[in-house]
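Here are the chains, one letter per residue:
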Amino acid sequence: MNFPEELKYTEDHEWVLAEDDVVTIGISDFAQDQLGDIVFVELPEVGDTLEEGKTFGVVESVKAVSDVYAPVSGEVVEINEELPDAPEAVNNSPYEDGWMIKIKLSDPAQLDSLMNATVYQEFVEKD
Amino acid sequence: MRYLPHTDVDVQQMLDQIGVSNIEELFSGVPADCRLKRPLDLSAAKSESETLTFLRGLAEQNTKTSDWDSFLGGGAYNHFIPAVIDQLVSRSEFYTAYTPYQPEISQGTLQAVFEFQTLICQLTGMDVANASMYDGASACAEAVLLTIRAGKKRHKILLSQGLPPQYRETIATYSAHLNIDLIDIPLQAGVTDQAELQKLLSDQVAAVVIGYPNYFGQIENLGSIAELTHASGTRLVAAVSEPLALALYRSPGELGADIVVGEGQSFGIPLSYGGPGIGFFAVRKEDMRVLPGRLVGETMDKDGKRGFVLTLATREQHIRREKATSNICSNQGMCVLMVAIYLALHGKQGLRQLAEVNYAKAVYAKEKISQLDGFSVPFSGETFNEFVITCSEPVAALKQRLEQQGVLAGISLGRDYPDLENGLLICVTEQNSQEQIDRLVAALAGGEA
Amino acid sequence: MMSTEGRGLVLDENLLFEKSQSGRVGYSITRLDVPAVTPDQSLIRDEIADFPELSEVDVVRHYTRLSTWNYGVDSGLYPLGSCTMKYNPKINETAARLPGFTDIHPQTPEALNQGALELMYNLQRDLGEISGFPAITLQPAAGAQGEFAGMLMIRAWHEANGQKRHKVIIPDTAHGTNPASSALCGYEVITVASDGILSKEAIAAVMDDDVAALMVTNPNTLGLFEADIRGICDLVHERGGLVYSDGANLNAMMGISRPGDIGIDVMHFNLHKTFSTPHGGGGPGSGPVGVADKLIPFLPVPYVVKEDDGFKLEYNCPQSIGRMKSFHGHFGILVRAYCYILSMGGEGLKRASELAVLNANYIRARLEGEYDLPNKQRSLHEVVFSEEGLQNDCHTLDVAKRLIDYGYHPPTIYFPLVVHGALMIEPTETESKQTLDEFCDVLLAIAEEAKTTPELLKQAPVRAKVKRLDETAAARRPKLRWERG
């Protein structure tokens, strides 16, 4: 299972790519594998304000539904418009084509509490 | 007992295999203080012949629409049912199956439901229809809940007073504890008052619900109501209790409805004292994922062969539990089949012709009655197979007088509409011959039926 | 006996719309005997695009062929756990089709339909006797609507007592309808873990003055009787709450134990389970509800009462939760259920429960060595195995699909969730020892196949109308209706 070094991870299996004050968010390879074939992704709207730890979307497989939680607080500035028509991207390319939203950070310090790839790998193995 | 196949020898061998000495031991997990310590006080088992004789005795005390001149409608309609329907739904591969959880051995039910969904879409002019709800009233209530879920912060629902009373009561039950404000839209000349509607609309209104035809049989101006409704970003729900009207009148979908719900009993389901009937529920594509109830979709098997499955199940209670779009589980499977067979038999031409016959007969009766002294037709708009009359004599007495002559004249409106204290809702279908209508008219006039 | 050999004749059949031929008719409408008139042109629709046009023969063959792709109780054993797929007696169908039951309009004056009302009254009385509740409503259309009605009554009772409670406790083994019905009443759901029998301590830990009700299923979805139910009911009552019991598993309890006697305040029946009415390919069901005395004022309207001058529909109930649906319930289903009670009698119903429990225990005894039984307590009318121990990466789904090749409907699978890869078997009382033996032989053979030829499970079914279907594709790009290509 692949957990890129440049990303940060949450205990709910979201990943965050922090480049500047806009971060990209998706779900990890582990999460997509656990869910199985993803058939639908529900995302917030651009302009919505997200709060750290609160749900911002839903990922569905044929027989399961999972909430997706915001790793950090901020305003949604972009969503992956391709996902509704191609939810399989989350399975096939969780870190690239399967990205979900971009948000403008309201508190960059929140990034510090996230796991790096090594810690996340251990967390997943323990789970 | 003929349904219980166990011989004494079977029972003994089974107990031996289990390793207990009697059946009682199998219930050892039921504590003594939870046990019923006497036999059930029910009548002794009857033979097949005794059972039927007894039930026939009860059945014969009822008043059959086939023996009387019945002009009762009001949400349950007396239409002819072709013999084919009962013959086909009596195939027990259909009726002794359950929900098609195992699609490989349920393709019959699944294809039939897929066809039903298509037929309902075509009839209503909508994109997506589900595999049925309990009945028109509960479907309408679920439509209201959908608009609240999908309407974000909107919490008001405007209900036309022309919606059948039983629909309004059911909506009130379903929405009692969900912080929903139900507001009535008054009527003007038997149809929804659009000026009042305009005043009531706001960005807090999740839905406007209109009967089409309405409870008085009137054809509402759905197109213009849709324009008003959409202007405030509100969904329009059309509730159709007599769907045969949709074979003649423009479909709610064409006129701009966002959700079309209704009762399908008219299409091949016996009156059966009001149930089971069948609710249908159709929406636009945008609302597909907030739809309540089951959905059947087309897919392929491993060999690339077409097949059908239950799909988008994540909306439903068995997966999403308290966050489901509805608590509905069992729907009206067997009635789905009846409706689909009925529509397949009548088809494009037959359904239209039948609707025209209903319309013409109702117009004939309406005109005849309007010419009688002491009777009037209070609303002038177009109707389908029902219309309202008002009488100078008290309706209760009038109805009783006609019952003496074997005529069920209609439904009193006074209880639900105090303004129409002497109003009577009369329904005329293809089952009512001209002779029957003439007898009704004569009896109303005070003569012999 | 247990073979996947044999020949079948399973043919394809196009959709109604694909068979349609312009100008073909399958109807004969009585001649119009009044002047032909039509409404204002502006109101009239165009013809219904692509609506089918078929002859009567086309329609009959279409549905006859479709029926052959289905498996029903009349085809063979249908051991779908929690669904009580017992035999549907044919006399029920005959009775429900008596013209005096089918051709009666719901708005006919009550005095003219005394037979129908008497039937409903008798059924209310009999269901009351079977369950121990003093009052029954026949109105709910199905079990889930019965639950909703029951929870609405609970809420109405609390409100009448000036209480605003917000929570409902539901074990995680419950059917999904329980939390969904509670949510419809505006309640927050508190889930309690239960892998076996619910303990008084587990309930005590979450029970407080904000809890309106506990919802239980008894016997529960593992087929176990909730042995502490009396104590649990007392505990909930002491804190001012009520107890709802899901009647899905009443088939184990007739004449054995009555919920109304042991502290339950409200329970729904599933007439299409316990009382033999057909499941109809998914319905119609019927979900009457029994209530304790204190909930009687809140019953939905109408219900049937007996007065000096006959039977009446009672609407005058100021505290009623209102109407659940149009008219008076699924009358056609009520006729079938009443017919069943008449045919069985009190003794027969008790015998049915006893044999349902015997049958499930027999299957358990025959399969226990080969299939993993996570819960060893004495179970009643159903038995739940897990997929532990299945060889070669075979799973519950594979066993289920392989059963199809042997000519059986699979059990309920992957429910309850607390059992890993659950295989939930409920044979019901109407299956003979010989049928159960054949079924057990097949399940044992499948376990053996999993060891030696697992591909037979993985490929299954190969003998049904279609092979395994791509449910992922169906959900990713939903195609929910036919459209002209």
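As shown above, the structure is provided for reference.
Residues numbered from 1 in each chain as written. Chains lettered and ligands numbered in written order. Predicted model: local features only at pLDDT ≥ 70, side-chain atom pairs only at ≥ 80, totals over all residues. Heavy atoms only, no water.

**Student:** Help me get a handle on the overall build of chain C, residues and values and all.
**Tutor:** The helix and strand inventory of chain C stands at 15 helices and 12 strands. By principal-axis analysis of the C-alpha atoms, chain C measures approximately 75 × 70 × 45 Å. Looking at the 485 residues of chain C, the share that counts as buried comes to 67%. Once local pairs closer than 6 in sequence are excluded, the contacts in chain C between residues at least 24 apart make up 72%. (Helix = DSSP H or I, 4+ residues; strand = E, 2+ residues; numbered from the N terminus. Buried < 20%, exposed > 50% of the residue type's maximum accessible area, 1.4 Å probe, protein only. Contact = heavy atoms within 4.5 Å.)

**Student:** Go over the interface of chain C and chain A with me, naming the residues and quoting the values.
**Tutor:** Between chain C and chain A, the contact holds five residues from the first and 10 residues from the second. At the boundary of chain C and chain A, one finds three salt bridges. Measuring nitrogen to oxygen at the nearest pair gives 3.8 Å for the salt bridge that ties R476 of chain C to E88 of chain A. Between chain C and chain A we count six residue pairs in polar contact (both at pLDDT 80 or more) in total. For the side of chain C that touches chain A, the residue count by class is one nonpolar, one polar and three charged. (Salt bridge = Lys/Arg side-chain N within 4 Å of Asp/Glu carboxyl O. Polar contact = N/O pair within 3.5 Å; in protein donor to acceptor, adjacent residues only side chain to side chain. Nonpolar A, V, L, I, M, F, W, Y, C, P; charged D, E, K, R; others polar.)

**Student:** I'd like to hear about the interface of chain B and chain C, residue by residue, with values.
**Tutor:** Listed by partner, the interface residues are 182 residues for chain B and 206 residues for chain C. Surface buried jointly by chain B and chain C totals about 16,700 Å² across both partners, of which 63% is contributed by carbon and sulfur atoms. If you sort the residues of chain B by the area they bury against chain C, E104, Y273 and K348 of chain B come out on top, with a joint share of 6%. Taken together, chain B and chain C are joined by 13 salt bridges. Among the ionic pairs, E18 of chain C bridges to R306 of chain B, the shortest N-O distance being 2.9 Å. Between the two partners, chain B and chain C, sit 89 residue pairs in polar contact (both at pLDDT 80 or more). By residue number, the principal contributor to the side of chain B that touches chain C is helix α13 (residues 333-370) of chain B, which donates 24 residues. (Buried area = accessible area lost by both parts, 1.4 Å probe.)

**Student:** Give a description of unusual backbone geometry that names residues and reports values.
**Tutor:** Between G283 of chain C and the following residue, P284 of chain C, the backbone shows a cis peptide bond with an omega angle of 0°. The topology assignment puts P284 of chain C in the loop between α10 (271-274) and β7 (289-291). Cis geometry marks the peptide bond from F415 of chain C to P416 of chain C; its omega dihedral reads 0°. Locating P416 of chain C in the fold gives a position in the loop between β11 (412-413) and β12 (423-425). Phi is positive for H13 of chain A, close to 75°, though the residue is something other than glycine. As for its position among the elements, H13 of chain A is in the loop between β1 (8-9) and β2 (14-18). When its relative accessible area of 12% is taken as the criterion, H13 of chain A is described as buried. Its identity as a non-glycine residue notwithstanding, N392 of chain C has a phi of 55°, on the positive side.

**Student:** Describe the side chain of N130 of chain B, naming the residues involved and giving the relevant values.
**Tutor:** Residue and element names in this part refer to chain B. Among the structural elements, N130 can be located in the loop between β2 (128-129) and α7 (136-150). From its side chain, N130 meets the backbone oxygen of P292 in a polar contact 2.9 Å long. Apart from the residues lying within four places of it in its own chain, the contact partners of N130 are F116, Q117, F281, L291, P292, G293, R294 and L295.

**Student:** Kindly report on the environment of A149 of chain C, identifying the contributing residues and their values.
**Tutor:** Residues and elements named next belong to chain C. You can see A149 is positioned in helix α6 (residues 143-160). For the pair A149 and G287, spaced 138 residues apart in the sequence, the C-alpha separation amounts to 9.5 Å. Aside from chain neighbours lying at most four places away, what touches A149 is P140, V289, I321 and M324.

**Student:** Outline the packing of aromatic side chains, supporting the account with residue identities and numerical values.
**Tutor:** Under the criterion given, the structure shown has 26 aromatic pairs over all chains. Between F3 of chain A and Y120 of chain A, the aromatic rings sit 5.0 Å apart at their centres with planes inclined by 85°, giving edge-to-face as the arrangement. Placement of F3 of chain A in the segment before β1 and of Y120 of chain A in helix α3 (residues 117-126) is noted, with a sequence separation of 117 residues between them. Using a relative accessible area of 9% as the deciding quantity, one classes F3 of chain A as buried. Taken together, the ring pairs connect Y3 of chain B together with Y87, F269, F275 and Y340 of chain C into an aromatic cluster. Against the face of W99 of chain A rests K102 of chain A, its NZ or CZ located 5.1 Å from the ring centre. A cation sits over an aromatic face here: K46 of chain B above F54 of chain B, 5.1 Å from the ring centre. (Phe/Tyr/Trp six-rings, centres within 6.5 Å; stacked < 30°, edge-to-face > 60°. Lys NZ or Arg CZ within 6 Å of the ring centre and 35° of its normal.)

**Student:** Give a detailed account of the sheet that holds strand β10 (residues 383-385) of chain C, specifying residues and quantitative values.
**Tutor:** All names here are of chain C. Across the sheet, which stays open at both edges, the three strands sit in the order β10-β12-β11 with antiparallel pairing between neighbours. Taken across any chain shown, the strands that pair with only one partner, and hence form the sheet edges, are β10 and β11. The pairing of β11 with β12 spans two bridges and is antiparallel. Across the sheet, the residue bridging to T412 is M424, located in β12. Where helix α11 (residues 331-367) meets the sheet, its contacts fall on β10 and β12, and the angle it forms with β10 comes to roughly 30°. (Pairing = 2+ DSSP bridges. Axes fitted to C-alpha atoms, helices over the stretch in contact; angles between N-to-C directions.)

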